[in-house]
Amino acid sequence: MSHRLRPALAALAVVWFAMAAGAHAAPCERSCLSNLADSYLAALVAHDPSRVPLARNVRMVENIKRIQPGEGLWKTASAVPTTFKIYVPDVVAQQVGLLAVLQENGQPIQLGLRLKLEAGKISEAEHVVVHRLNEANLVNLQTPRQPLTSNVPEPYRDARARLLYIGASYYDALDLNNGSLAPFADDCVRFENGGQSARKPVPTGPGGDSFAPFGALGCAKQLDTQVMAYITTIDNRRVWIADEENGLVFGLSHFHHAMDKTEWPTYGVPGVPFRKIDYQPFDLPAVHIFKIWGGQIHEIEAIGFLAPYNSSSGWDDSSKEMDK
C-alpha cells in the first residue's frame, strides 16, 4: 500500500469509528430522559433551541402544525413548570412524554410534550398546548394526583407491552362507547384540562350542567351510557411510550366530531333519557396519561384543544416513515 494513502485511510477509519460509536451510543435511561424534558423546557423559556441537542433534520409539531425550532412556544413560553409535572420516560422507545403546567406570556398553560431521541439527538418534538385554562380548574393543576407520580410495587407492575396494549384499548372503548373494551378499575377517575370528568360528585343546588349525572359515573359505566356517542372517530392514535416503574402510558390521538348527531338516547341514568348538544363540527387533538397497575386503568390525566374539523395531524407527510 502506498504510504501516501495511509494517512487518508487512517482519517477515514477515525470518521467511521466515530460514526459507529454515535450510532451505538448508550441509551438514555429513565432519569436521563426526564432530565432531557426539563432541559427542553428550560430551552423553550430561554427562547434558545441551541441549548438542547436537536438533530439537524428534527421534525417539530405544535398543535398539529409543523414548526421550526424558534417558532411557537419557543417564542412565547415565559416560565418553566414548577410543581405540576408528570413524566413518562421510555428507555426502550428512547422517548419521553410529559404533561406539565408552565407559563406563556405570564399566564398558566398546559403542555403535553413528546421527545424522541436518535443517536443522542432529538429527532422529533411534539407540543400539544392548551393556551386558555378554565380558572375554576386551576386548583387541580397545582400538583399532580399522588398516584400519577408514584412507583408501582413490583407485584402489581405490568410489563411494557401490556401497558401499551391497555393504554391503546382506551381509545377503542371511547370510540365504540363500550366500557368493557378497556380494563377500567372501579376507582378509575379522569381529569381533562384540569377538570374532573369521571367520578365527580354531583353538584347540589341550582345549576345547568347537563353532563353532571354522567360525570359522576366511573370510567366504564360512563361510556356504557352512550353519553360520548357524539365522537365520530378517533385516529392518529400513537401509544408508544410506557414507564413500567410508575405504571404510566403516554398516548396521543386526534378526535373528530362531525356533529351529525346532536340528540341521541342515553342509558343507565334515571331521568336522563337522551343527551342533546348543538356544536359546530370540530376536532380535538389530545394527550392522555394512564396510570395502570394490576392490569387495570386507575387514573387518567388528559388535555386537548379545539381545532377545525378534519384537520391534518401535522405529521401526515412523514407518518409512514415514523418509527414506533
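Counting starts from 1 at the beginning of each chain's written sequence and moves along it residue by residue. Local features in this predicted model are restricted to residues whose pLDDT is 70 or higher, and side-chain atom pairs enter the listing and the counts only when it is 80 or higher, whereas totals over whole chains, interfaces and linings include all residues. Only hydrogens and water are set aside; all other atoms, that is, all heavy atoms of the structure, feed into the side-chain values.

Caption draft 1: Molecular detail of the packing of aromatic side chains. The pairing test for Phe, Tyr and Trp rings, Trp by its six-membered ring, is centres within 6.5 Å, and the orientation test on the planes gives stacked under 30 degrees, edge-to-face over 60, and tilted for anything in between. Scanning the entire structure with this criterion turns up 9 aromatic pairs. One aromatic cluster is present, built from ring pairs that chain together Tyr170, Tyr171, Phe184 and Phe290. Definition used: whenever NZ (Lys) or CZ (Arg) falls within 6 Å of the ring centre and also within 35 degrees of the ring normal, the charge is taken to sit over that ring. Directly above the aromatic system of Trp240 lies the positively charged group of Arg238, at a separation of 6.0 Å from the ring centroid.

Caption draft 2: Seen up close, the nonpolar core. Buried residues of nine kinds, namely Ala, Val, Leu, Ile, Met, Phe, Trp, Tyr and Cys, make up a nonpolar core once their side-chain atoms join them within 4.5 Å. Note on exposure labels: buried denotes an accessible area under 20% of the residue type's maximum, exposed denotes more than 50%, and partly exposed covers the range between, all computed with a 1.4 Å probe on protein chains only. Membership of the largest hydrophobic core comes to 36 residues, with the highest contact counts inside it found for Phe184 and Ile297. In DSSP terms, a helix is any run of H or I states spanning at least four residues, a strand is any run of E spanning at least two, and both are numbered starting from the N terminus. The biggest single contributor to this core is helix 4 (residues 160–175), with 7 residues. Working rule for contacts: check all heavy atoms of both residues, and any pair within 4.5 Å makes them a contact. When near neighbours in sequence (up to four residues on either side) are disregarded, Phe184 contacts Tyr170, Ala173, Gly179, Cys219, Ala220, Leu223, Gln296, Ile297 and Ile300. Core analysis: the second largest hydrophobic core is formed by 28 residues, Val52, Ile109, Leu111 and Ile122 among them.

Caption draft 3: Expanded view of the sheet that holds strand 14 (residues 282–293). The strand order across the open sheet formed by 6 strands is 9-8-15-14-11-10, and the pairing between neighbours is mixed. Whereas interior strands pair on both sides, the edge strands pair on one side only; in this sheet they are strand 9 (195–198) and strand 10 (233–243). Neighbour-to-neighbour, the strand axes of the sheet open up by a mean angle of 20°, direction not taken into account. Only strands joined by at least two bridges in the DSSP assignment are considered to pair. To get an axis, a line is fitted to the C-alpha atoms, and for a helix only the part in contact is used. The angle between two axes follows their N-to-C directions and goes from 0 to 180 degrees.

Caption draft 4: Examining the environment of Gly268 more closely. By the element assignment, Gly268 lies in the loop between strand 12 (263–265) and strand 13 (274–276). On the basis of relative accessible area, Gly268 is assigned to the exposed category, the value being 72%. Between the C-alpha atoms of Gly268 and Gln226, which are 42 residues apart in sequence, the distance is 9.3 Å.

Caption draft 5: Local environment of the pairing of strand 1 (residues 54–62). Counting buried positions along strand 1 yields 7 of 9 residues, so the element is predominantly enclosed. One ladder, built from 5 bridges, connects strand 1 with strand 7 (residues 121–130); its direction is parallel. Paired with Leu54 across the strands is Ile122, a residue of strand 7. Pairing geometry for strand 1 and strand 2 (residues 65–67), over 3 bridges, is antiparallel. Looking at strand 2, one finds that Met60 is bridged to Ile67.

Caption draft 6: Structural context of helix 4. In a regular helix each residue adds 1.5 Å, so 16 residues correspond to 22 Å; helix 4 covers 24 Å between its end C-alpha atoms and thus fits that length. When we look at burial in helix 4, the residues that qualify are Arg160, Leu163, Leu164, Ile166, Gly167, Ser169, Tyr170, Tyr171, Ala173, Leu174 and Asp175. Phi turns positive, to about 55°, at Asn177, one or two residues after helix 4. Helix span, as expected, comes to 1.5 Å for every residue beyond the first.

Caption draft 7: Here's a closer look at the environment of Arg66. Relative to the helices and strands, Arg66 is located in strand 2. For Arg66, a relative accessible area of 33% corresponds to the partly exposed category. A sequence separation of 247 residues divides Arg66 from Ser313, and the C-alpha atoms of the two residues are 9.2 Å apart. A polar side-chain atom of Arg66 sits 3.1 Å from the main-chain carbonyl oxygen of Gly314. Any pair of nitrogen or oxygen atoms within 3.5 Å is treated as a polar contact; in protein, a donor-acceptor pairing is required on top of that, and neighbouring residues in sequence qualify only through side-chain atoms on both sides.

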